[in-house]
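Read off the chains here:
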Number of protein chains: 6
Amino acid sequence: MLLYLSTWPEVEAYLEKSQGIILPIGSTEQHGPTGLIGTDAICAGAIAHGVGEATGAIVAPTINVGMALHHTAFPGTISLRPSTMILLIKDYVTCLTRAGFTKFFFINGHGGNIATLKAAFAETYAHIGDLNIPHAQQVQCVVGNWFMCGSVYQLAKELYGNQEGSHATPSEVAVTQYVYPQAIKQAPLSPEVASGHRIYGAVDFRQRYPDGRMGSNPALATPEHGKQFYDLAVKELSNNYLEFLSVE
Amino acid sequence: MLLYLSTWPEVEAYLEKSQGIILPIGSTEQHGPTGLIGTDAICAGAIAHGVGEATGAIVAPTINVGMALHHTAFPGTISLRPSTMILLIKDYVTCLTRAGFTKFFFINGHGGNIATLKAAFAETYAHIGDLNIPHAQQVQCVVGNWFMCGSVYQLAKELYGNQEGSHATPSEVAVTQYVYPQAIKQAPLSPEVASGHRIYGAVDFRQRYPDGRMGSNPALATPEHGKQFYDLAVKELSNNYLEFLSVE
Amino acid sequence: MLLYLSTWPEVEAYLEKSQGIILPIGSTEQHGPTGLIGTDAICAGAIAHGVGEATGAIVAPTINVGMALHHTAFPGTISLRPSTMILLIKDYVTCLTRAGFTKFFFINGHGGNIATLKAAFAETYAHIGDLNIPHAQQVQCVVGNWFMCGSVYQLAKELYGNQEGSHATPSEVAVTQYVYPQAIKQAPLSPEVASGHRIYGAVDFRQRYPDGRMGSNPALATPEHGKQFYDLAVKELSNNYLEFLSVE
Amino acid sequence: MLLYLSTWPEVEAYLEKSQGIILPIGSTEQHGPTGLIGTDAICAGAIAHGVGEATGAIVAPTINVGMALHHTAFPGTISLRPSTMILLIKDYVTCLTRAGFTKFFFINGHGGNIATLKAAFAETYAHIGDLNIPHAQQVQCVVGNWFMCGSVYQLAKELYGNQEGSHATPSEVAVTQYVYPQAIKQAPLSPEVASGHRIYGAVDFRQRYPDGRMGSNPALATPEHGKQFYDLAVKELSNNYLEFLSVE
Amino acid sequence: MLLYLSTWPEVEAYLEKSQGIILPIGSTEQHGPTGLIGTDAICAGAIAHGVGEATGAIVAPTINVGMALHHTAFPGTISLRPSTMILLIKDYVTCLTRAGFTKFFFINGHGGNIATLKAAFAETYAHIGDLNIPHAQQVQCVVGNWFMCGSVYQLAKELYGNQEGSHATPSEVAVTQYVYPQAIKQAPLSPEVASGHRIYGAVDFRQRYPDGRMGSNPALATPEHGKQFYDLAVKELSNNYLEFLSVE
Amino acid sequence: MLLYLSTWPEVEAYLEKSQGIILPIGSTEQHGPTGLIGTDAICAGAIAHGVGEATGAIVAPTINVGMALHHTAFPGTISLRPSTMILLIKDYVTCLTRAGFTKFFFINGHGGNIATLKAAFAETYAHIGDLNIPHAQQVQCVVGNWFMCGSVYQLAKELYGNQEGSHATPSEVAVTQYVYPQAIKQAPLSPEVASGHRIYGAVDFRQRYPDGRMGSNPALATPEHGKQFYDLAVKELSNNYLEFLSVE
C-alpha cells in the first residue's frame, strides 16, 4: 500500500490494524561514470515497494535527497546538511506519530545516511517525548540498509569479489538496471580504481576518487543480477520488518 | 533529461550548454475522501517531466513533502515546518549552484508551498551571496504553479465552474487519474462541502473542512480531463521556462 | 488603545472584553531617491493606529524591520532574514497567546513581508499547538495589507494610473507626506524608470532598479492624497478587523 | 538624522563622513500598575533621538521588543527569546555593515537586554568576520544604558533615594511622563513593595513581584523630573558616543 | 560528591535530600605568555570541588569550553558561539531538571561567560516551562563568579594593586599554580602591558593586546597566593550556595 | 602535551611541527548500579592522555558530555541533543582550524556518540569549506573508539566472554577502577541482566534495562584488568594516530 496512492480514509483504516510504516530513503549523488545519480533513491524506493507488497505495510514517498555532502564536488549531487536532515526526519516522524504511527522502518539505500539517521532518531524521541501524544513512548525507528543484508552481501561477494567496492558498486548498479533497463549507461572505466581512502570533505573526496567510484567495477552489473539482489533484499527486509512489528 | 537517471559526466556535459534546472515540488497531504495523498507531488512531478521533455531541461527528483501543516490533523499527511523547508531549499540550491546551475525553476503542485518557497528564495540568495561562488549573483529562482496557469485555470472553470473549489479540486484529481489510472478512488461525497473559511491551524482546519475538501467536487474528474490539464500545463510552463532562461 | 501607552492592568481589563490585537509591520528599506526609508513602517503604523481608534482594538508596537533582503544593496536598508522573522513572529504571538489573545491582525506595509508572514503563521500554529495553552486551537493570524485594499488600489489607479508602479509608489509616499509633512523630500527623478523585472538577490536588484524605484513616479504624491489613502485604508481595514473578530 | 525619515541617497552621503549609527533598543513589558508597557522603548527612543540631534548621528528605528521573558506572566508583555534576539541583532548589524557602517552604538532602555546584547555582539563579530566585507574587522558594537549613566543615577538617588528601586522606577516613569504627558497613569500603589528577590522564570517572577514593581515607588515621578533625566542622559550618552567615534 | 565519580543510584539517593547541583564552567583560551590555556576551567573546577566538599553538594563535570570568541586569534583557544552555548546550557539544565534537580549553581571562571550564561538561563526557564515537568516553576539558575567574590577581590587588590589587570591576572594564575604546581610557566613579560581597550572581535583583540594580557602582571603570582585565593573563594561561594538553597 | 596546561606561545610553537590534535570525548551517563556516571569521559580522557604522551600530540580538554539521550531516564545523566552536539563539534573544529590545526583525532569513550560525531564531521567540512581559511581542504576528522580497538576487544572476550555485554561493561569499569581506585563501587547485581533490546527513547530504555546494564557483569572488573585495557588502547590508538598523521 503506497501512501501517495492512498486516501486519508484509507490511511485511517490502515491505522486500525497496524501502526507500522516503511520510509524509503536514498540520496541524489554521483555514482561514478556509469551509475545513475538517483541510484540510492531508486534502490531504496523499489525495494521498499517490494517490502510493502510482501508485508501489507504502507510505504511513504521516497526521501530522494539525503546526506551526501562528500559527493558535492561532482555535478548533479544534491545533499542536505546533517542538521537539516535531522529536522526533516523529526518533522516526518512527528507528523506520522500524531496520526497514530509508532513503528518507523526506514529502508535506506545510502551508507552516508546512516549516522545522520541515527542522530535524527535520538533527537526525535526526545522531541516527541515532550509533546502531549499518548503513544509517544511507543515510537520506534529503525533503519534497514538493503545493501547490508546478509544475503545481499553474500551474493555480491560471490558475483564480484573485491570488485564490489564500496561506492558505485556493481550490486547497486545492477538493481537500477533491473528497475530502469532503459537507463543502462556505458562509459569507459579505467581498470585501476581508487580505494581505501577515508572520507573527509567534498573537494578532498574528488581528488582521491577522481571518477567517483570507490574500489568498484560497476561494469560487472547486469539487470539479472539486479533482480536477484532485489529479491533477496525484499525477502530479508520483509522479515526484518515483520519481526520489528512483532516485538513490543 | 531526468537527473536521477543521469550520470555525473552527463550533468557536467549538460552544464556546458545550460545552467537551468527544473525542480518539481509537491506535498504529501490529504486530498479529501477520493483524492490521493500524493496528488500534489504526482501532478508536479508528471508535469515537470513533461516540461523537461519539451524543453530539454534537466529535471531534479520531486520534493515529495512540502508545507502542509494545516492538513496534519488528517492521517497520512506529512509536512515540513516552514523553517525546515527553508533549510531544505537552501541546501538544494546551494549544492546545485556550486555545480554551476543558476536558473532554478520550481514546478509546484501545492498552494501551501508558495509562501515558504518565496521566503526560502530570499534566504538562499543572501546565503549564496556570502559564499565564494563566482556566479553567485546570477542565481535566480522562480516558482511556476501548474494549477495557476492561465490555460489550466480557464479549462477548470469551463469544466467545473465553482465546483472546482480550492483543495482536492477535480482538476488536480483528474491529472492524478491520468497519471495513475489504476488508482482512481471511489467514495461517497456529500453534496454540501465546506468552503470559504480561512486557514489557521490543523485542528481548526479539520473542524471546518471535515472531509478535507475545500469547496470542490472531485467526482467530476476524469482521466481525459487530466490529460487535457496535463497538456496545457506542460505547454504553458515550458514557455515560461524558456522565457526564464532567455532573460538575463 | 496603544499597547505601549497602556499598563498591564489595562491590558488585563481589555482582555476580558476582547482577544483581538492589531500588529503593524513595516520595513526599513530604500524607497527610491525621495521615499523615506521608513515608508512601510510609517504607513503601517499610522494606519494601524487609525484602525485601533476606529475599532477600540489594542495596537502593538510597530515591527519596524521586516523582510527586505532584496533591498540591502542600498544603504540604510535593514532586513531580517526570513528564518529570523519567523522566529520573531512566533515569539510575539506565543507571548500574547499566553496572555489570552487569540485574534492577531497584522497590518502590513510591505509586500515583501507577506510570504514570510504566512510561513510564520503556519510555524506558529504548530508551535502553539504543542504548548499547554487551553485556547491554543483558537489562535488565528491574518495579514491585512493596506496597499492591497480595494479602495486604496482604485484611488491609486485613478490618481496615478500606471505611474503607481510597485515600489516607492506615489500612494505610499503620499501617506508618509501626510503623516510627516516635515519630511517631504525632493530629488531629481529620471522620467524613465525600470519596471517589470523579477526580484532575485540584492545586487541583482540594484542593477535592475538603479535608483530603487520599480516603475513608479513618486513625484505625483501629495499630502492630500496621503490623507485620502489613509482614510480609505483605515476604513476598509477596520471593517476587515471587525469581521475577523466576529467570525469564530 | 533619523534613518526612517531619510532617503537612501541621504544615507549614502552620511556614510561618506561618518560610519557611526545609534540604535535604540527597549522592551515591551509590564512596568507596574502605572508604568507604561512601552516605557523602555519610549525612553530609549526619545533619548536616542536627542543624542542624534546633539551629535549629528543617524538614528535607527527603535527595537521595541527585547528580552523580557521574566515579565511574560503579566499581560501585554512581548519578548523575544535570547536566541531570537541574537539573530535579530546579527541581521541588523550585518545589513548595516555591508552598507559601510562600522560603529554601532546601542542606546538601551532595559536592563534585561544587556546580557543578550553582549552575547549577540560576540556572535555578530564572528559572523561578520567570515564574510567578504573589507571593513569587517573594524566593526564595533557598544551598549549605552541611559539608566546607568552616572549623572542619571545620581539624580535618581537624590530625588528618590531607595524608592528608585530596580524596575518600574520613578526615573524611567518620569521620562515617559515627559515624553507622553497625555499618558500619565494613576492607580493605587501599595506602600509595601517587593524587592531583593532574584529573577528566575516568569511565573516565579509574578509570584514574587505581584504588581510588577521591584522595590520602586513610581508615584514620585513627575514630567519635570523626566525632563531632567532626559537632558542628563542625552548629554552623557552624546559624550560617550562621540568618544566612541573618536577611538579607532 | 562528584557526579562523574558517582553511580545513578547514588544520585537518586542524593536527590531525596537535596535538589541542588554545582556546575563549574570555565573556558579554554589564551591567558598571556605564562598563563595556562585551561586557567578558567582549572580554577572553576577546583573551587567547585572545594565547595562541593564543604557543602555536601554534588558537582557536575566542568564545562571546559565557554564563550571566548574574542580570544580566538590566539592559537589554542576554543570557543562556543553564544548561540551554541545557550543550547548546551539548556540541554544540561533540562536533563537535570527531569531527574529532579531544581537549584543550579554555576561556578564560573571566565568573565566572558557571564552574559551568555544569563541569556541561557532566560532561554532555559522559558523552555522548561513548556514541558510537562511538575517542578518546572521551581527551577533556579545562578552564577557565582569566583574572581568577583568580595574576599577574593580584596586580596587581589592588596597583593597586586592595579597589576591585577583584567585578564591573565596574577590571582587566577596563582590558583592554577596552586592546583598544578608542575605546570608553572616562565616567559619574559614586557613591563608595559596594554589595558583599557574595549573588547570587540578576535582580530581586533589581538592587535590591541598583542601578548594576550589585559593590564596584568602574572609574574606576581605564587602558589601560596593561589591557596589563599582558593580558600577564600571556596568559603564565600559555599556560603552563597547554602544561602541559595535556603531561599525558596 | 595537554592543551589546558599549555600557554598560547607553546601551542604556536607546536603548530610549527604538527597540525594534529587529540580530542577526548566521553559522556555523562548512568553505567549501571556500580559503574561511574563519568565512565566514558574518564576512559576517553585517560587514554587520550596516554596517547598524547606516547606520540607527543597535544590533547584538548575532554568533552565530558555527549549524546546520551537514551540514558536520561536515569538520574545523573546529562546529554546534548544531537543537533547541539553537531554545533559544539563544529565550533571546536572551526576554532582550531583557524589556528592551524588540520588533523583532528577524537578518542571516544561512548558508542552513542559515534553517529552524531560522524554527522558533525560532515557538517563541519562543509562549513569550513565556505570560510576563507587557506588550509580548509586539508581538515580531516576521525574518531578512534578505544573500546572497539581489536586488542581491547579480544582481551575483553578472553576475560569476560559474553558477560562483557554492551553497556556498563566490565572492561570500561575496569579502566575507571585503574584510573580512580578510590572510587570502586559495590552494589548487588542481579545475575540476570537484560540484553538484546534495541535502543529507542529514554523511558523505553529504562523499562527494558531497569538497572542500566546491557547484558554486562561489571562485577568481573578489576583495576589490574583496567591497566591492561588502558595499555592496549593507548598502544593501538597511538599507532592509529601516527598513521593518521602520516597519510596526506
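About the criteria used
- Residues numbered from 1 in each chain as written.
- Chains lettered and ligands numbered in written order.
- Predicted model: local features only at pLDDT ≥ 70, side-chain atom pairs only at ≥ 80, totals over all residues.
- Heavy atoms only, no water.
- Contact = heavy atoms within 4.5 Å.
- Buried area = accessible area lost by both parts, 1.4 Å probe.
- Salt bridge = Lys/Arg side-chain N within 4 Å of Asp/Glu carboxyl O.
- Helix = DSSP H or I, 4+ residues; strand = E, 2+ residues; numbered from the N terminus.
- Nonpolar A, V, L, I, M, F, W, Y, C, P; charged D, E, K, R; others polar.
- Axes fitted to C-alpha atoms, helices over the stretch in contact; angles between N-to-C directions.
- Parallel < 35°, antiparallel > 145°, perpendicular 65-115°, else oblique.
- Left-handed = near helix turned anticlockwise from the far one by under 90°.
- Least-squares fit on C-alpha atoms with pLDDT ≥ 70 in both.
- Expected span 1.5 Å × (residues − 1).
- Buried < 20%, exposed > 50% of the residue type's maximum accessible area, 1.4 Å probe, protein only.
- Pairing = 2+ DSSP bridges.
- 1 Å grid on protein atoms, 1.4 Å probe; cavity = no way out; pocket = protein on both sides within 12 Å on 5 of 7 lines; lining within 4 Å.
- Points joined across faces, edges and corners; volume = space filled by probe spheres on them.
- pLDDT = per-residue confidence, 0-100.
- Polar contact = N/O pair within 3.5 Å; in protein donor to acceptor, adjacent residues only side chain to side chain.
- Phe/Tyr/Trp six-rings, centres within 6.5 Å; stacked < 30°, edge-to-face > 60°.

### Here's the deal with the interface of chain D and chain C
So, point 1. Every contact between the two is made by 50 residues of chain D and, on the other side, 49 residues of chain C.
So, point 2. When chain D packs against chain C, the two sides together hide about 4,100 Å² of surface, and 66% of this comes from carbon and sulfur.
So, point 3. Ranking the residues of chain D by area buried against chain C places Leu5, Trp8 and Pro75 of chain D at the top, with a combined share of 17%.
So, point 4. When the shortest N-O distance is used, the salt bridge between Glu10 of chain C and Lys185 of chain D registers 2.8 Å.
So, point 5. Listing elements by their share of the side of chain D that touches chain C, those giving two or more residues are α1 (8–17) and α3 (82–99) of chain D.
So, point 6. Ranked by the residues each element gives to the side of chain D that touches chain C, the list is headed by α3 of chain D, at nine residues.
So, point 7. For the side of chain D that touches chain C, the residue count by class is 27 nonpolar, 15 polar and eight charged.

### Comments concerning the packing of helix α4 (residues 114–129) of chain B against helix α4 (residues 114–129) of chain C
So, point 1. Two elements in contact, α4 of chain B and α4 of chain C, have axes whose closest approach is 8 Å; the angle formed by their N-to-C orientations is 120 degrees. Viewed along their axes, α4 of chain B and α4 of chain C adopt a mutual orientation that is oblique. With respect to the hand of their crossing, α4 of chain B and α4 of chain C are arranged in left-handed fashion. On the side of α4 of chain B, the interface is formed by Ala115, Thr116, Lys118 and Ala119 of chain B, while α4 of chain C contributes Ala115, Thr116, Lys118 and Ala119 of chain C.
So, point 2. Partitioned by chemical class, the residues of the contact of α4 of chain B with α4 of chain C number four nonpolar, two polar and two charged.

### A few points about the relation of the copies chain D and chain C
So, point 1. Rotating chain D by 180 degrees about the axis while translating it 0.0 Å along that axis superimposes it on chain C, leaving an RMSD of 0.0 Å. Taken together, the rotation and translation relating the two chain copies correspond to the operation of a two-fold axis. Residue Thr84 of chain D, judged by its C-alpha, is the member of chain D lying nearest the rotation axis, at 3.4 Å.

### Topic: the arrangement of the chains
So, point 1. At the C-alpha level, the nearest point of chain A lies 17 Å from chain D, with no contact between them.
So, point 2. Chain F makes no contact with chain C, the minimum C-alpha separation between the two being 17 Å.

### Digging into helix α4 (residues 114–129) of chain A
So, point 1. Helix length check: α4 of chain A (16 residues) gives 23 Å between terminal C-alpha atoms against 22 Å at 1.5 Å per residue, within 8%.
So, point 2. Burial runs high along α4 of chain A: 12 of the 16 residues are buried.
So, point 3. Buried residues of α4 of chain A: Ile114, Ala115, Thr116, Leu117, Ala119, Ala120, Phe121, Ala122, Glu123, Thr124, Tyr125 and Ile128 of chain A, and no others.
So, point 4. Residues of α4 of chain A that are buried in the fold lie against β1 (20–25), α3 (82–99), β3 (103–108) and β4 (140–145) of chain A together with α3 (82–99) and α4 (114–129) of chain F.

### A word on the pairing of strand β1 (residues 20–25) of chain F
Residue and element names in this part refer to chain F.
So, point 1. For β1, a buried count of six out of six residues is recorded, marking the element as mostly surrounded by other parts of the structure.
So, point 2. The alternating pattern of β1 places Gly20, Ile22 and Pro24 and Ile21, Leu23 and Ile25 on opposite faces, both of which are buried.
So, point 3. Judged from the six bridges that link them, β1 and strand β3 (residues 103–108) form a sheet pairing that is parallel. Paired with Gly20 across the bridge in β3 is Lys103.
So, point 4. Both β1 and strand β2 (residues 58–59) contribute to a ladder of two bridges, which runs parallel.

### Let's talk about the pattern of salt bridges
So, point 1. For the coordinates displayed, the defined rule picks out 48 salt bridges over all chains.
So, point 2. Of the charged contacts, one joins Arg208 of chain A and Asp204 of chain A as a salt bridge, the two residues approaching to 2.7 Å between their closest N and O atoms. Here Arg208 of chain A pairs with Asp204 of chain A, and both are found in helix α7 (residues 202–208), just four residues apart, close to one helical turn.
So, point 3. Residue Arg208 of chain A is classed as buried on the basis of its relative accessible area, which comes to 17%.
So, point 4. One salt bridge connects Asp211 of chain D with Arg213 of chain D, and the closest N-O pair in it is separated by 2.9 Å.
So, point 5. Salt bridges sharing partners connect three or more residues here, namely Arg81 of chain A, Asp91 of chain B together with Glu123 of chain F.

### Some points on the layout of surface pockets
So, point 1. Of the volumes computed, that of the second largest pocket is approximately 930 Å³.
So, point 2. What lines the second largest pocket is a set of 32 residues, among which Tyr4, His49 and Tyr180 of chain E together with Tyr4 and Tyr180 of chain F lie closest to the centre.
So, point 3. Broken down by secondary-structure element, the contributors of at least two residues to the lining of the second largest pocket are α2 (39–55) and α6 (170–179) of chain E together with α2 (39–55) of chain F.
So, point 4. Considering only residue class, the lining of the second largest pocket consists of 19 nonpolar, 13 polar and no charged.

### Comments concerning the sheet that holds β4 of chain A
Across a sheet, paired strands are connected by hydrogen bonds in the backbone, their directions being either parallel or antiparallel.
All names here are of chain A.
So, point 1. An order of β2-β1-β3-β4 is seen for the four strands of this open sheet, with the pairing classed as parallel. Taken across any chain shown, the strands that pair with only one partner, and hence form the sheet edges, are β2 (58–59) and β4.
So, point 2. The strands touched by helix α2 (residues 39–55) within the sheet are β1, β2 and β3, with β1 carrying the most contacts at an inclination of about 160 degrees.
So, point 3. Its contacts with the sheet put α3 on β1, β3 and β4, and the angle it makes with β3 is roughly 140 degrees.

### So, the confidence of the model for chain A
The predicted structure's coordinates, where accompanied by low pLDDT, should not be read in detail.
So, point 1. Confidence along chain A averages 98 in pLDDT terms, with 100% of residues attaining 70 or more.
So, point 2. What the predictor reports for the complex is a pTM of 0.98 with an ipTM of 0.98.

### Re the packing of α2 of chain F against helix α8 (residues 223–246) of chain F
Residue and element names in this part refer to chain F.
So, point 1. Relative to each other, α2 and α8 sit at 55 degrees, their axes nearing to 9 Å. Considering the angle they form, α2 stands oblique to α8. As α2 packs across α8, the resulting crossing turns out to be right-handed. Of the residues in α8, those in contact with Ala46, Ile47, Gly50, Val51, Ala54 and Thr55 of α2 are Tyr230, Ala233, Val234, Leu237, Ser238, Tyr241 and Leu242.
So, point 2. Tallied by class, the residues present in the contact of α2 with α8 amount to 10 nonpolar, three polar and no charged.

### Looking at the environment of Thr72 of chain D
So, point 1. Mapped onto the fold, Thr72 of chain D is located in the loop between β2 (58–59) and α3.
So, point 2. Exposure remark for Thr72 of chain D: the relative accessible area of 14% places this residue in the buried category.
So, point 3. Sequence separation between Thr72 of chain D and Val203 of chain D is 131 residues, and the spatial gap between their C-alpha atoms is 8.1 Å.
So, point 4. Once residues lying within four places of it in the same chain are set aside, the contact partners of Thr72 of chain D are Cys95 of chain C together with Thr77, Ser79 and Ala202 of chain D.
So, point 5. Within polar-contact distance, the side chain of Thr72 of chain D engages the backbone oxygen of Leu69 of chain D at 2.6 Å.

### So, unusual backbone geometry
So, point 1. Phi angles above zero are rare outside glycine, and Ala168 of chain B is one such case at about 55 degrees.
So, point 2. Structurally, Ala168 of chain B can be placed in the loop between α5 (150–160) and α6 (170–179).

### Observations regarding the sheet that holds strand β3 (residues 103–108) of chain D
Residue and element names in this part refer to chain D.
So, point 1. In space, the four strands of this open sheet follow the order β2-β1-β3-β4, with parallel pairing throughout. For this open sheet the edge positions go to β2 and β4 (140–145), each flanked by a neighbour on one side alone.
So, point 2. Across the sheet, helix α2 (residues 39–55) is in contact with β1 (20–25), β2 and β3; its angle to β1 comes to roughly 160 degrees.

### Re the packing of aromatic side chains
So, point 1. Following the criterion strictly, the structure yields 72 aromatic pairs over all chains and no others.
So, point 2. Between the aromatic rings of Tyr4 of chain C and Tyr180 of chain D, the centroid separation amounts to 5.7 Å while the plane-to-plane angle is 80 degrees, which identifies the pairing as edge-to-face. Highlighted residues: Tyr4 of chain C in the segment before α1 (8–17) and Tyr180 of chain D in the loop between α6 (170–179) and α7 (202–208), drawn from two different chains. Side by side, Tyr4 of chain C and Tyr180 of chain D carry an identical accessibility label, which is buried.
So, point 3. For the ring pair Phe105 of chain F and Tyr241 of chain F, a centre distance of 5.5 Å and an interplane angle of 65 degrees mean the geometry is edge-to-face. In this pair, Phe105 of chain F sits in strand β3 while Tyr241 of chain F sits in helix α8, placing the two residues 136 residues apart along the sequence.
So, point 4. Grouping aromatic residues by their ring pairs yields a cluster made of Trp8 of chain A together with Phe74, Phe205 and Tyr209 of chain B.

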